[in-house]
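Single-letter residue listing:
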Amino acid sequence: MPEAKTRKAAAKDKREGKSANTQAGEYVHEEIEHVRGGKHGVKNTKQAIAIGLSKARRDGVASKPSKSASKSVKKKAAQDSKAAKKATKKTSSTRSAGAKKALKTESKNTTAKKTVGKKALSSQAKKAASKRTASSRSAAAKKAAKTKGPTVRKAAAKKAARSRKKAS
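Procedures and definitions
Residues numbered from 1 in each chain as written. Predicted model: local features only at pLDDT ≥ 70, side-chain atom pairs only at ≥ 80, totals over all residues. Heavy atoms only, no water. Helix = DSSP H or I, 4+ residues; strand = E, 2+ residues; numbered from the N terminus. Buried < 20%, exposed > 50% of the residue type's maximum accessible area, 1.4 Å probe, protein only. Areas by Shrake-Rupley, 256 points an atom, 1.4 Å probe, with all protein chains shown as cover. Lys, Arg positive; Asp, Glu negative; His and termini not counted. Charge placed at Lys NZ, Arg CZ, Asp CG, Glu CD. Salt bridge = Lys/Arg side-chain N within 4 Å of Asp/Glu carboxyl O. Patch = residues over 30% accessible without salt bridge, like charges linked within 9 Å, V, L, I, M, F, W, Y side chains within 5 Å. Core = buried A, V, L, I, M, F, W, Y, C linked by side-chain atoms within 4.5 Å. Contact = heavy atoms within 4.5 Å. Axes fitted to C-alpha atoms, helices over the stretch in contact; angles between N-to-C directions. Parallel < 35°, antiparallel > 145°, perpendicular 65-115°, else oblique. Left-handed = near helix turned anticlockwise from the far one by under 90°. Nonpolar A, V, L, I, M, F, W, Y, C, P; charged D, E, K, R; others polar.

Caption draft 1: Local environment of the overall build of the chain. Within the chain, the secondary structure is distributed over 9 helices and 0 strands. Starting at the N terminus, the α and β elements of the chain follow one another as α-α-α-α-α-α-α-α-α. Each principal axis of the C-alpha distribution contributes one length, and for the chain these read about 55 × 35 × 30 Å. Going through the 168 residues of the chain one by one, you find that 21% of them count as buried. Summed over its atoms, the accessible surface of the chain is roughly 12,500 Å², and 57% of this surface lies on carbon and sulfur atoms. Treating the 51 positive side-chain charges of the chain as one cloud and the 10 negative ones as another, the clouds have centres 7 Å apart.

Caption draft 2: Inspection of the pattern of salt bridges at higher detail. Counted according to the given criterion, the structure contains 8 salt bridges. Among the ionic pairs, lysine 18 bridges to glutamate 16, the shortest N-O distance being 3.4 Å. Overall, glutamate 16 belongs to the partly exposed group, its relative accessible area being 37%. Taking the shortest distance from any N to any O, the salt bridge between lysine 55 and glutamate 31 comes out at 2.9 Å. Highlighted residues: lysine 55 in helix α3 (residues 45–58) and glutamate 31 in helix α2 (residues 20–36), separated in sequence by 24 residues. Since its relative accessible area comes to 17%, lysine 55 is described here as buried.

Caption draft 3: Geometry of a positive patch on the surface. A cluster of basic residues, Lys154, Lys158, Lys159, Arg162 and Lys166, forms a positive patch at the surface. Turning to its location among the elements, arginine 162 is positioned in helix α9 (residues 150–167).

Caption draft 4: Fine view of the nonpolar core. Counting residues in hydrophobic clusters, the biggest one holds 7 residues: Val28, Ile32, Val35, Val42, Ala48, Ile51 and Val116. At the level of elements, α2 and α3 are the ones that each hand at least two residues to this core. Examining the composition of this core, we find that 3 residues originate from one element, α2, more than from any other. Those residues within four positions of alanine 48 in sequence are excluded, and the remaining contacts are Glu31, Ile32, Val42 and Val116. The next biggest cluster of nonpolar side chains, apart from the first, holds 5 residues, and it includes Ala10, Tyr27, Ala56 and Val61.

Caption draft 5: Just the packing of α2 against α3, in detail. It is at 8 Å that the axes of α2 and α3 come closest, and there the two elements cross at 130 degrees. In terms of orientation, α2 lies oblique with respect to α3. Considering the relative orientation of α2 and α3, their crossing is right-handed. Within the contact between the two elements, α2 uses Ala24, Tyr27, Val28, Glu30, Glu31, Ile32 and His34 and α3 uses Ala48, Ile49, Ile51, Gly52, Leu53, Lys55 and Ala56. Grouping the amino acids of the contact of α2 with α3 by side-chain chemistry returns 9 nonpolar, 2 polar and 3 charged.

Caption draft 6: Summary view of the packing of α3 against helix α4 (residues 71–85). Close contact between α3 and α4 brings their axes to 7 Å; oriented N to C, the two are set at 35 degrees. For the pair α3 and α4, contact is made by Ser54, Arg57 and Arg58 and by Lys76, Ala77, Asp80, Ser81, Ala83 and Ala84, respectively. A per-class count over the contact of α3 with α4 returns 3 nonpolar, 2 polar and 4 charged.

Caption draft 7: Region of the structure containing the environment of threonine 105. Residue placement: threonine 105 occurs in helix α5 (residues 93–109). For threonine 105, a relative accessible area of 37% puts it in the partly exposed group. As for threonine 105 and serine 66, which are separated by 39 residues in sequence, their C-alpha atoms are 30 Å apart.

Caption draft 8: Structural view of the side chain of threonine 6. With respect to the helices and strands, the residue threonine 6 is situated in helix α1 (residues 4–15). The class for threonine 6 is buried, based on a relative accessible area of 5%. Ignoring anything within four residues of it in the chain, the contact list for threonine 6 reads Glu26, Tyr27 and Glu30.

Right, here's the structure in full:
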């Protein structure tokens, strides 16, 4: 069950006209915080992201799986989207307890902070970006810039200039 602040943040993103993936990012962020806080563990960064996306879809965010996603991922995404449209039915307490137990056990096998640490997230993001074309990444950046206000755009430009300065 997503936290109220996560739902509010996602609703705010939707009002601002941001993409479904940006809205879903709020849920992914929440999930990463849960893992870092030791609420439960995950096998790797991708699992934390998958749990967050699943929560988002079940909460009504229209985040579609990538075109290159496997059949099973697309099937799970469709199930989650369908579950969002259904009238809420009480989840089986046995099933819920089993799922929680499995995730809690996972944290004993891995170091939660390492699993979704900054390095792990960074390498995951870089790997995902490398699969995309330059024009695709550029188009996404331009689309993202449109939804930012002038203050945020200015801050982003300053940050980019700083990182260019460091690189040279």
